[in-house]
Amino acid sequence: MSGDVMSEAARIDGKAFAEKLRGRVAEVAKGFEAKAGRKAGLAVVLVGDDPASHIYVRNKGKQTVECGMNSFEHLLPESTPEADLLALVEQLNTDPAVDGILVQLPLPDHMDEQKVIAAINPDKDVDGFHVINSGRLAVGLPGFVPCTPLGCLMMLKDQLGSLSGLDAVVIGRSNIVGKPMAALLLAESCTVTIAHSRTKDLPEVVRRADIVVAAVGRAQMVKGDWIKPGATVIDVGINRLPPTEEKPKGRIVGDVDYAEASKVAGAITPVPGGVGPMTIAVLLRNTVVAAHRNEGLSLDENAI
Ligand code: NAD
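Keep in mind it's a predicted model, so treat the numbers as computed, not measured.

> Help me understand the overall build of the protein chain in this model?
Helices and strands together make up the secondary structure of the protein chain, namely 10 helices and 11 strands. The C-alpha atoms of the protein chain give a radius of gyration of 20 Å, which matches the 19 Å a tight globule of 304 residues would have. C-alpha extents for the protein chain along the principal axes are approximately 55 × 45 × 35 Å. Taken over 304 residues, the protein chain has a buried fraction of 48%. Partitioning the contacts of the protein chain with sequence separation of at least 6, the portion at a separation of at least 24 is 69%. Summed over its atoms, the accessible surface of the protein chain is roughly 14300 Å², and 53% of this surface lies on carbon and sulfur atoms.

> Looking at this structure, I do not really get the site of the ligand. What am I missing?
With respect to spatial proximity, 21 residues lie near the ligand, and among them Arg173, Ser174, His196, Ile238 and Thr279 are the closest. Between the ligand and the protein, one listed contact pairs an oxygen atom with a backbone N or O atom of Arg173 at 2.8 Å. Ser174 is positioned such that a nitrogen or oxygen atom in its side chain is 2.5 Å from an oxygen atom of the ligand. Burial of the ligand by the protein amounts to 72% of the accessible area it has alone, namely 860 Å². Examining the composition of the shell around the ligand, we find that three residues originate from one element, helix H10 (residues 275-295), more than from any other.

> What is the right way to read the side chain of Asp257 from this model?
Of note, Asp257 is situated in the loop between strand E10 (252-253) and helix H9 (258-261). Residue contacts for Asp257: discarding those within four places in its chain leaves Gln220, Val222 and Lys223.

> Looking at this structure, I do not really get the sheet that holds strand E2 (residues 41-47). What am I missing?
Picture the strands of a sheet paired through backbone hydrogen bonds; they go either parallel or antiparallel. Pairing in this open sheet of three strands is parallel, and the strands run E3-E2-E4 from one edge to the other. One side of each edge strand has no neighbouring strand; the edge strands of this open sheet are strand E3 (70-76) and strand E4 (100-103). If you compare each strand with its neighbour and ignore which way they point, the axes differ by 15° on average. In this sheet, E4 lies alongside E2 in parallel orientation, the contact comprising four bridges. Residue pairing in the sheet places Leu42 in a bridge with Gly100 of E4. Along the sheet face, helix H3 (residues 82-94) touches E2, E3 and E4 and points at about 180° away from the line of E2.

> Mind showing me how you'd approach the sheet that holds strand E8 (residues 232-235) here?
Taken together, the six strands give an open sheet; going across it, the order is E1-E11-E8-E7-E5-E6, and neighbouring strands pair in parallel fashion. Among the strands making up the open sheet, the edge pair consists of strand E1 (10-11) and strand E6 (191-195). Across five bridges, strand E5 (residues 167-171) lies against E6 in parallel orientation. Bridged to Asp167 within E6 is Thr191.

> It is not clear to me how the packing of helix H2 (residues 51-66) against H10 should be interpreted in this structure. Could you clarify?
Two measures define how a pair of helices packs: the angle their axes make with one another and the distance between the axes. Packing of H2 against H10 brings their axes to within 10 Å, and their N-to-C directions diverge by 50°. Relative to H10, the element H2 lies oblique. Of the two possible hands of crossing, H2 and H10 adopt the one that is right-handed. Note on element contacts: H10 touches H2 through Thr279, Ile280, Leu283 and Leu284, opposite Tyr56, Asn59, Lys60, Gln63 and Thr64. Of the residues in the contact of H2 with H10, the class split is four nonpolar, four polar and one charged.

Parameters at a glance
Residues numbered from 1 in each chain as written. Predicted model: local features only at pLDDT ≥ 70, side-chain atom pairs only at ≥ 80, totals over all residues. Heavy atoms only, no water. Helix = DSSP H or I, 4+ residues; strand = E, 2+ residues; numbered from the N terminus. Rg over C-alpha atoms; globule rule 2.2 N^0.38 Å. Buried < 20%, exposed > 50% of the residue type's maximum accessible area, 1.4 Å probe, protein only. Contact = heavy atoms within 4.5 Å. Areas by Shrake-Rupley, 256 points an atom, 1.4 Å probe, with all protein chains shown as cover. Near = heavy atom within 4 Å. Polar contact = N/O pair within 3.5 Å; in protein donor to acceptor, adjacent residues only side chain to side chain. Pairing = 2+ DSSP bridges. Axes fitted to C-alpha atoms, helices over the stretch in contact; angles between N-to-C directions. Parallel < 35°, antiparallel > 145°, perpendicular 65-115°, else oblique. Left-handed = near helix turned anticlockwise from the far one by under 90°. Nonpolar A, V, L, I, M, F, W, Y, C, P; charged D, E, K, R; others polar.

Structure, rendered in structure tokens:
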């Protein structure tokens, strides 16, 4: 780790890292097609009209195809009964052309998210949200790990090599980011602290950390003087600041005050261009892994 307090932190380029990962996925997907005689396939289900979700789903579909896999998009109206969504999930569970299933969250209020996630075949749950996959992660069995924290771990290992013995502080305890992130860091033999909204003296807790992962959803909350000199900082937060004349739509910032923290940290992810681009790339990685497992084909999963 570089520990020079006066120097600017290394900027961890998530966009470039994601591009490299997609390149590896494309190669593996090509090999899969040659061996299995079919393309790997990802089914994405979106219920409702949320414009941000539509953009996200379109991007996923585009990148899936660019990586040489099939994308099956199911766009359902907001008024879809929960039973119809469950029936679609069941159909995808048994469709041999579908290796991964992703149901875009959040779902409309009349649906029970946990019930829908529980209906997905855990071996096709490429988002890693099914309790079977959370359990597998907790006890160290192979399964599927949520894409955002797995992407964060990949960037951390690329930056630092072995993480063994490092002090890691994860701020946020959501099922999607904070908890799986903590489990992954523990599996890498970090000493892990999970901080959250009730944590006492958060700045002091963060100051102990060699690795800080911020997943809170509060713009620029983590200040420069919370960071131990030389620490590696991963900023998961995506927050839109109020509009200004210069930025009428409002600037997107992370949970970390980048301008301050980058003067103290050893390395840091920017927002945008850090964790965000990694999430879809890891989803594609999980899909090609699922395809191999579903067909009983061997694959060095740690190499992608
Ligand atoms: P969440 O709202 O489910 O969880 C936020 C967590 O932050 C909670 O566990 C809460 O205890 C903690 N928290 C809230 N206020 C706090 C405070 N003052 N001090 C300490 N902890 C506090 O959110 P999430 O789904 O985990 O997402 C977190 C952020 O990451 C959001 O900004 C979200 O948009 C972003 N995100 C980004 C990606 C990506 O691809 N880059 C993916 C998922 C989430």
